[in-house]
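Spelled out, the chains give:
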Amino acid sequence: MNCLICGDAFQPVPTWGKLFLYEKESSTCNRCFSKFTKSDTTIDFSDFQGTHYEGAVDAVTALYSYNEAMKSYLHQYKFLQDVALAQVFAKTLHETFEGKEGIVVPIPMHPEKLVQRTFAQVDELLNSAGIPFQHLLTKTATSEQGKKTRKERLEASPLFEVRASVEAKNYILYDDIYTTGATIHHAAKLLKDVGATRVEAITLIKG
Amino acid sequence: MDKQLQQFLTGRNWLREHTPFPREAIDAHIESGHIHLKPGIQKDENQALFGQLKKYFCNRCHNTTQHLFHTFHCARCNQNCTYCRHCIRMGRVSSCSELLLWKGDHARGANAHEFAWSGRLTPLQQKASEELLSSVQQNKSHLLHAVCGAGKTELLFPSIFRCLEQGKRVCVAAPRTDVILELFSRFQKVFPKTTIHALYGGAPDQEGFAELILTTTHQLYRFEQAFDVIFVDEADAFPYYADETLQRAVKKAAKQDAGIHYVTATPTKSLQTTNQSVLSRRYHGHDLPVPRFDSLWGYARQLNKGKVPLKLQQWIEEKTKTNTPFLVFLPTIEMLENFPGDLPRVHAEHPDRKELVMHLREKKIPGLLTTTILERGITIENVHVAVVGAEQKIFTSSALIQISGRVGRSFQYPDGDIVFFHHGISREMDKAQAAIEGWNR
């Protein structure tokens, strides 16, 4: 096996889980993977208290913190469009979603942006982890979140539209990065407004 | 026909999405037949005995290693699309991307060249330089085998000047960006009227048609049938001989009848050239420092336990006390990162590599731990060198010769300590020592 990040050959550790095919093979060497650090900050919603977004999101889990290794990972994955790197977190994502009840809804990309990038980075991460999902939202806003201030993000007009019927069930929103939380709150509020019982969010990174 | 477009694309093999020209201009030139389009990835499907065998080929970097191709569902072409991970840092090339090749007349340089160099060659350098020039004129490939610190760059000047005068397009390729930047400032002084471009990852856009191109070997992926003459510096350097595509890139960038010449201290057998000259003396005329062997039994286990082996500890302390800058080469990044103590350390992924080397030169730090990344191209006055684990596979004889070549490069300090700490002497160590002794004879 060659590590997807550094390209060096490595020996995957044999385990019983892999032998009986229920554990996913890791696609990176230990040295590269250990550079990603698990996020230990708890996410507070105090920014949203008193706004009409209060209570829209019931819980957020962010898996990794945004460090140098993650920065260069995202650069190669999103900017250089190295789709293969979606496999790096397949195993962790698979474990995170295991035991969670609800319909997984990825945060969508704008269709024009999608053609430009040639792939939806959020969907590909879920695909590689073998997690089934439904596209219930469509992105309507074309402007990029990254270029706005926190205040602008919160006051922005709705970023999404609901495109399929939502039932009184649990939903799990999934996005690659949680920065100010505006995206997740926009989406969660929309789902709640049309009848979702509980909306939880999982993101790969806490920005 | 757009002149700027012609100047830019002549000899290039360029990803369409990355051109600095408007779409309409490119389209018009495609229609008029000046630009030829090539798909980014080629697929050969051979009907094998069991089902189909797919084989991908990258039309830019000529990569054929199959595990470096990845297929996904592409939202642009709306079908399964394959891209090459090998050259992805230069912009992704996939099945649905197009490469531009200039098929019209090649651009020509319009400069009258001037040779402004007043330095003098030693008699040995002079002889090698003349031999190289005669090979270049006969268009026969030449290998210049020169020891580390022999003053190789100067030898190239007369040959390059002659080629430029004849209206040829010349390329000097070297493995690392640091080397290209250093060569760039030197060449600009020596050839003040020539348009010279320096190409490396992250280089700025440069205007006009360059008669002389200085480039990292990697950037040659973006050329095809471009040069009349190519000089490959440090032809044995790690990425070059380990990565076959780089060797193919040199051949691809050369025109069919072009001469390819190599300059190196440690030629490998795979470099086949018609002519050869050897330069076995340093420019200052002193002997090369010969490495000595010293046993360091079980160093790996001790380092694992967080202890520096005694002999190595003493060596480091002695150098620190006498205020001699030193380099310690380690075989793996892991060993480097886990090395006890707080000595500064550098490896390929280290962001401030250049600064740390500068600090060592200025004696702000006593010494530096490093992987083979610093094996060549750096000059530090009066540096002493230790190799830990010299018997390990990564230290080939050519790596060891290059490492030994860091010592005693200046007029003032033509000698210095070079020691191979080992857990058993390897054949490669013997080879390196014998080669250095051979040159001194």
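Reading the values: rules and limits
Residues numbered from 1 in each chain as written. Chains lettered and ligands numbered in written order. Predicted model: local features only at pLDDT ≥ 70, side-chain atom pairs only at ≥ 80, totals over all residues. Domains from an automatic or database assignment. Contact = placed C-beta atoms within 7 Å. Nonpolar A, V, L, I, M, F, W, Y, C, P; charged D, E, K, R; others polar. Pairing = 2+ DSSP bridges. Helix = DSSP H or I, 4+ residues; strand = E, 2+ residues; numbered from the N terminus. Axes fitted to C-alpha atoms, helices over the stretch in contact; angles between N-to-C directions. Core = buried A, V, L, I, M, F, W, Y, C linked by C-beta atoms within 7 Å. Buried ≥ 20, exposed ≤ 12 C-beta atoms within 10 Å, placed from the backbone. Expected span 1.5 Å × (residues − 1).

(A) Quick look at the domain arrangement of chain A. Residues and elements named next belong to chain A. Examined at the domain level, chain A breaks down into domain 1 (1–34) and domain 2 (36–206). For domain 1 versus domain 2, the distance between C-alpha centres works out to 27 Å. At the junction of the two partners, domain 1 supplies seven residues and domain 2 supplies eight residues. Of the residues belonging to the side of domain 1 that touches domain 2, the class tally is three nonpolar, three polar and one charged.

(B) Region of interest: the sheet that holds strand E18 (residues 367–370) of chain B. All names here are of chain B. If you walk across this open sheet you meet the six strands as E15-E20-E19-E16-E18-E17, and the pairing is parallel. Edge positions in the sheet fall to strand E15 (292–295) and strand E17 (345–346), since each of these pairs with one other strand and no more. Both strand E19 (residues 384–388) and strand E20 (residues 418–422) contribute to a ladder of four bridges, which runs parallel. Pairing of Val385 across the sheet is with Ile418, part of E20.

(C) Layout of the sheet that holds strand E9 (residues 170–174) of chain B. Residues and elements named next belong to chain B. Across the sheet, seven strands lie side by side as E10-E11-E9-E12-E13-E8-E14; this open sheet has parallel pairing. Unpaired on one side and paired on the other, strand E10 (196–199) and strand E14 (275–279) mark the two borders of the sheet. Geometrically, the sheet is characterised by an average inter-axis angle of 15° between neighbouring strands, direction not taken into account.

(D) Seen up close, the nonpolar core. Formed by 163 residues in total, the largest nonpolar core has its most connected members in Leu173 of chain A together with Ile230, Ala253, Val385 and Val387 of chain B. Among all residues touching Ile230 of chain B, those that are not within four sequence positions of it are Cys171, Ala173, Val250, Ala253, Ala254, Ala258 and Ile260 of chain B.

(E) Structural detail: the domain arrangement of chain B. Residues and elements named next belong to chain B. According to the domain assignment, chain B contains domain 1 (3–102), domain 2 (123–279) and domain 3 (292–440). Relative to domain 2, the C-alpha centre of domain 1 lies at a distance of 27 Å. Between domain 1 and domain 2, the residue contacts involve 16 residues of the former and 14 residues of the latter. Of the residues belonging to the side of domain 1 that touches domain 2, the class tally is six nonpolar, seven polar and three charged.

(F) Layout of helix H8 (residues 182–193) of chain A. Residues and elements named next belong to chain A. The terminal C-alpha atoms of H8 lie 16 Å apart, and with 12 residues this matches the ideal 16 Å at 1.5 Å per residue to within 8%. Across the 12 residues of H8, 10 count as buried, placing the element largely inside the fold. Residues Ala182, Thr183, Ile184, His185, His186, Ala187, Ala188, Lys189, Leu190 and Leu191 constitute the buried set of H8. Phi turns positive, to about 115°, at Gly195, one or two residues after H8.

(G) Looking closely at the environment of Tyr413 of chain B. All names here are of chain B. Tracing the backbone through its elements, the reader meets Tyr413 in the loop between helix H12 (397–404) and E20. Under the C-beta neighbour-count criterion, Tyr413 is labelled partly exposed, with 16 such atoms within 10 Å. For the pair Tyr413 and Thr379, spaced 34 residues apart in sequence, the C-alpha separation works out to 12 Å.

(H) Quick peek at unusual backbone geometry. Residues and elements named next belong to chain B. The phi dihedral of Asn78 falls on the positive side, at around 55°, and the residue is not glycine. When you line up the elements, Asn78 lands in the loop between strand E5 (69–73) and strand E6 (80–84). Accessibility expressed as a C-beta count within 10 Å gives 11 for Asn78, which makes it exposed. Even without being glycine, Gln225 reaches a positive phi, approximately 50°. Counting through the fold element by element, Gln225 comes out in the loop between strand E11 (212–216) and strand E12 (227–233).

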